[in-house]
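Understanding the architecture of this molecule
The primary structure of each chain is shown beneath.
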Amino acid sequence: MWNVEEFVRAAGVTVDELAAYVDGSQRGVPPVLGRRPPREVAERLGLARWIRDGGMTEEGYREFLRAYLAEGTRQHHPGYLGHQIAAPDFPAALADFVHGAANNPMAIYEMGASAATVESEVLRWMLGRAGFGETGGGVLTHGGSLANLTALLAARAAAAPDAWTDGVPGDLALLAPASAHYSLTRAAAVLGLGERAVVPLDADGLGRIDVTRLPDALERVRRAGRRPMALVANACATATGLYDDLRGVGEFCAAHGVWFHVDGAHGASALLSPAHRHLLDGVELADSLIWDAHKMLRTSGPAAAVLTRREGDLDAAFRQRASYLFYGEPGLDLIGRTVECSKAELGLKIFLNLAWRGERGLGEYVARQYATAHRFWELARERPGFACPYEPESNIVCFRYGDGDQAALRERLTEEGAFHLTSAEIGGVRHLRMTVMAPATDDGTLKALLDRIPDLADRSGG
Ligand SMILES: *Cc1c(COP(=O)(O)O)cnc(C)c1O
C-alpha cells in the first residue's frame, strides 16, 4: 500500500524540482540539452546502484531527479529550436501525474468512465474544428505515427473491405508527396501494401504537391494496374513546415473518388488561430485527418487524434472481436478503433490545457509561435550570408549560412549549449532547420542566434 505521507513529501520534492527546472529553462540556463554518453549518464545518476539496492528515499530521490533533469533536454529553453516536441504547459503535466496515480487506461469504458468521457468530448471538439461536425468519428492514439497507421487502415477497409479477413489485394496504391512523413510509407509496409505501393506525387521545388499534375499521377497509377487506396497531403510538411493546397487536392480526390488523408500532425493546431486557419482551407474535404496534441497543443507526448469525416469509416478499420473485452456498447468503448488495448489518459492532457487556457489561449500560442518563426525569416533575410529558401508558413523555418557544411555548423552550435537546431534536406541540399516551440523564445533569442552562427562558421572556416 502507499504510505500516503511519504507520497505527499515525494510529490512535493517533484514539484519543487520541476518548478526550478522549468524556471531555469525558461530563463535560458545552459545547456539546452545534455550530451554526455550513456555510460557517464548512468554513472552520474547511480542507475546500477539504485537498481541493485533499491531503498530510494525523499533525499536520494531529490538528488536523482535534479541530476536526471539536468542531463536531459530542456524543452522550455528559449534556445530550444529543435524537434517538434511541445514545451508542455503545466495543466497537461498535471494530467500526466493524475494518470500516473489513477491509471484509468481507457481500453473500455468500465476501465475509466471519466477518462473515456473526456476523450470523447475532446474528440467531439476536434471534429468540430476540423469541420467534420456531427457525422465524424475519432479516437486518440499514442502519437501521430500510430494515428497515420490507423487512418490508412480505415482507408484500406474502404478500398478493400475483405482485406482484414482475406489479406491485402496486390493492386492497392498510396499516393503521397516525397515530403510526407516517413510514418506513412512505414504504414503502407505495415498494412501489407508494401513500400513499392507508395507512388510519389509530383511536387514543386519545396516539396508541395503540384495540384495540376494530379491527373497524371492517377493515370500512372491506373496504367500500372493499381487502385488508389488513399492520397496524402501535408498540413504541414515536417521538414519545411509548408502546407499543401488542401482545397485543390481535396476537390481532386472528391471528383475521382479517392480517399483524401490529411497529415496534420504538426499543423492542424493552426485551426485554432483565426489568422492562420486559412492554411487548412479545404481540410473539411478530407476523409481522414490526424492531429498531434504533443506538438502544438502543448501536451507531453505522445497524444494524437485520428479523425474521420464519416464515423463508420473508423469503425470499419478494425474488424476484430475478442470475447474477454469487446462486450461493451459500441459508441462507449473506443477499443474497436485503436491498435492499442490499454491506453494512457490522453484526453485528460488535452482537456486540462483547454480548460485552463481556453481554445483561444491555445490559438494565441500557435499564432505567436508562427509569428516568431516569421520574424526570424525577416531578420535572417537582412543579414549577409543567410539564405532562406521560402517564407515560412508555420513555426518551422529552414535556412543556410554560407557555403560550408551545415551539419558541422549545427554540431558546433549544439556543443556550445545555448541553442538546439535540427537540419533537413530541401531539394537534396542540407539546411539548418528551426522549430519555434518554447514560449520563452523571443526576438532577443533570434538575434543572439543570428549573431552566433556567423561567429562559429568563421572560426572554423565553415
Ligand atoms: C511529427 C509528425 C508525424 C509523427 O508523429 P509522432 O507523434 O511523432 O509519431 C507524422 N506526420 C507529420 C507531418 C509530423 O510532423
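Remember, predicted model here, so these are calculated numbers, not experimental data. (Residues numbered from 1 in each chain as written. Predicted model: local features only at pLDDT ≥ 70, side-chain atom pairs only at ≥ 80, totals over all residues. Heavy atoms only, no water.)

1. Focus: the UniProt feature "modified residue: N6-(pyridoxal phosphate)lysine" (unreviewed entry) in the chain
Worth spelling out the cut-off: UniProt positions are given in the numbering used here, feature names are shortened, and annotations may be inferred rather than shown by experiment. Starting at the N terminus, helices and strands are each numbered in turn, a helix being any DSSP run of H or I of at least four residues and a strand any DSSP run of E of at least two. Two residues form a contact once any of their heavy atoms are found within 4.5 Å. We define a polar contact as two N or O atoms separated by no more than 3.5 Å, with the added condition that, inside protein, one atom must be a possible hydrogen donor and the other a possible acceptor, whereas residues neighbouring each other in sequence contribute only through side-chain atom pairs.
The UniProt record annotates "modified residue: N6-(pyridoxal phosphate)lysine" (unreviewed entry) at K295. Looking at the secondary structure, you find K295 in helix α12 (residues 293–296). Apart from the residues within four sequence positions on either side, K295 is in contact with Q84, A86, A265, H266 and M437. One polar contact links K295 to D292, side chain to side chain, over a distance of 3.4 Å.

2. Topic: the pattern of salt bridges
Definition in use: Take a side-chain nitrogen of Lys or Arg and a carboxyl oxygen of Asp or Glu: if they are within 4 Å of each other, that pair is a salt bridge. Accessibility here uses a 1.4 Å probe with only protein chains present; expressed as a share of the type maximum, an area under 20% marks a residue as buried, one over 50% as exposed, and anything in between as partly exposed.
Tallied over the full model, the rule gives 39 salt bridges. Here D89 and R298 are joined by a salt bridge, their closest N and O atoms 3.8 Å apart. Separated by 209 residues along the polypeptide, D89 in the loop between β1 (80–81) and α5 (90–102) and R298 in the loop between α12 and β8 (304–308) bring together distant segments of the chain. The exposure classification of D89 matches that of R298, with both residues buried. With a closest N to O distance of 2.8 Å, D443 and R375 form a salt bridge. With D443 in helix α16 (residues 443–459) and R375 in helix α14 (residues 346–381), the pair connects residues that are 68 residues apart, well separated along the chain. Overall, D443 belongs to the partly exposed group, its relative accessible area being 30%. Residues joined by salt bridges that share partners form a network here, namely D16, E17, E59, R62 and R66.

3. Here we look at the packing of helix α15 (residues 406–416) against α16
Think of two packed helices as two axes; the pair is described by the angle between the axes and how far apart they sit. Inclusion rule: With axes taken as lines fitted to C-alpha atoms, and helix axes fitted only over the stretch in contact, angles between N-to-C directions fall between 0 and 180 degrees. Should the near helix be turned counterclockwise from the far one by less than a right angle, the crossing is left-handed, whereas a clockwise turn marks it as right-handed. When residues are grouped by polarity, Ala, Val, Leu, Ile, Met, Phe, Trp, Tyr, Cys and Pro land in nonpolar, Asp, Glu, Lys and Arg in charged, and all others, Gly among them, in polar.
With their axes 10 Å apart at the nearest point, α15 and α16 run at an angle of 115° to one another. With respect to the hand of their crossing, α15 and α16 are arranged in right-handed fashion. On α16, the residues that touch L409, R412, L413 and E416 of α15 are L449, R452, I453, L456, A457 and R459. Residue composition of the contact of α15 with α16, grouped by class: 6 nonpolar, no polar and 4 charged.

4. Looking at the domain arrangement of the chain
What counts, and what does not: An automatic or database domain assignment supplies the residue ranges for each domain.
Domain boundaries in the chain define domain 1 (4–30 + 34–72), domain 2 (98–353) and domain 3 (358–460). Placing the centre of domain 1 and that of domain 3 at their C-alpha centroids yields a distance of 31 Å.

5. Notes on unusual backbone geometry
Backbone geometry follows two general trends: most residues other than glycine have a negative phi, and most peptide bonds adopt the trans configuration. Cis peptide bonds are those with omega within 30 degrees of zero, and the linkage from P30 to P31 qualifies with -5°. Structurally, P31 can be placed in the loop between α1 (4–26) and α2 (38–45). In this chain, G301 is followed by P302 through a cis amide linkage whose omega measures -15°. Tracing the chain through its elements places P302 in the loop between α12 and β8. Positive phi, close to 60°, is recorded for R298, a residue that is not glycine. Judged by its relative accessible area of 12%, R298 falls in the buried class.

6. Notes on the environment of T150
The topology assignment puts T150 in helix α7 (residues 144–159). Classification of T150 by relative accessible area gives buried; the value is 1%. A distance of 2.7 Å separates a polar side-chain atom of T150 from the backbone oxygen of L146.

7. Regarding the sheet that holds β8
Selection rule: Note: two strands are recorded as paired if DSSP finds a minimum of 2 bridges between them.
Strand order across the open sheet formed by 7 strands is β2-β8-β7-β6-β5-β3-β4, with mixed pairing between neighbours. Where the open sheet ends on each side, the last strands, each with one partner, are β2 (137–141) and β4 (198–201). Along the sheet, successive strands turn relative to each other by an average axial angle of 20°, direction set aside. The pairing of strand β5 (residues 227–234) with strand β6 (residues 260–263) spans 4 bridges and is classified as parallel. If you follow A233 over to β6, its bridge partner there is V262.

8. Looking at the site of the ligand
So the rule is basically this: For this purpose, a residue is taken to be near a molecule or strand whenever a single non-hydrogen atom of the residue falls within 4 Å of it. The method behind every accessible area is Shrake-Rupley, applied with a 1.4 Å probe, and residues are considered shielded solely by the protein chains displayed.
By nearness alone, 15 residues border the ligand, and G144, S145, D263, D292 and K295 come closest of all. With respect to the ligand, the side chain of Q84 contributes an N or O atom lying 3.2 Å from an oxygen atom. Between S145 and the ligand, the recorded distance is 2.7 Å, taken from a side-chain N or O atom to an oxygen atom. In isolation the ligand has 380 Å² of accessible area, and contact with the protein removes 87% of it.

9. Quick look at the sheet that holds β1
Taken in spatial order, the 5 strands make up an open sheet running β1-β11-β12-β10-β9, and their pairing is mixed. The open sheet has two edge strands with one neighbour each: β1 and β9 (386–387). Alignment of β1 against strand β11 (residues 420–426), held across 2 bridges, turns out to be parallel. In the strand pairing of β11, L81 is matched with L421. The strands touched by α14 within the sheet are β9, β10 (396–401) and β12 (429–435), with β10 carrying the most contacts at an inclination of about 20°. Strands β1, β9, β10, β11 and β12 of the sheet are contacted by α16, whose axis makes an angle of about 35° with β10.

10. Looking at the packing of aromatic side chains
The description of an aromatic ring pair rests on the distance of the ring centres and on the angle between the ring planes. This is how the line gets drawn: Centres within 6.5 Å are what make two rings of Phe, Tyr or Trp a pair, Trp counting through its six-membered ring; a difference in plane orientation under 30 degrees is then read as stacked, over 60 as edge-to-face, and the rest as tilted. Put simply, a charge is over a ring when the Lys NZ or the Arg CZ is close to the ring centre, within 6 Å, and near the line of the ring normal, within 35 degrees.
Using the criterion set out here, one finds 9 aromatic pairs in the structure. Between the aromatic rings of F7 and F97, the centroid separation amounts to 6.2 Å while the plane-to-plane angle is 35°, which identifies the pairing as tilted. Taken together, the positions of F7 in helix α1 and F97 in helix α5 put the pair 90 residues apart, joining distant regions of the chain. Members of the aromatic cluster, each reached through a chain of ring pairs, are F376, F386, F399 and Y401. Looking at R298, its charged tip hangs above the ring of Y365, at a distance of 5.1 Å from the centre. Just above the ring of W377 sits the side chain of R381; from NZ or CZ to the centre is 3.9 Å.

11. Concerning the pairing of β10
Counting buried positions along β10 gives 6 out of 6 residues, so the element sits mostly inside the fold. Neither face of β10 is exposed, since I396, C398 and R400 on one face and V397, F399 and Y401 on the opposite face are all buried. Examined bridge by bridge, β9 and β10 share 2 bridges and lie antiparallel to one another. Across the sheet, the residue bridging to F386 is Y401, located in β10. Of the strand pairs in this sheet, β10 and β12 are connected by 4 bridges, and their pairing is antiparallel. Bridged to F399 within β12 is L432.

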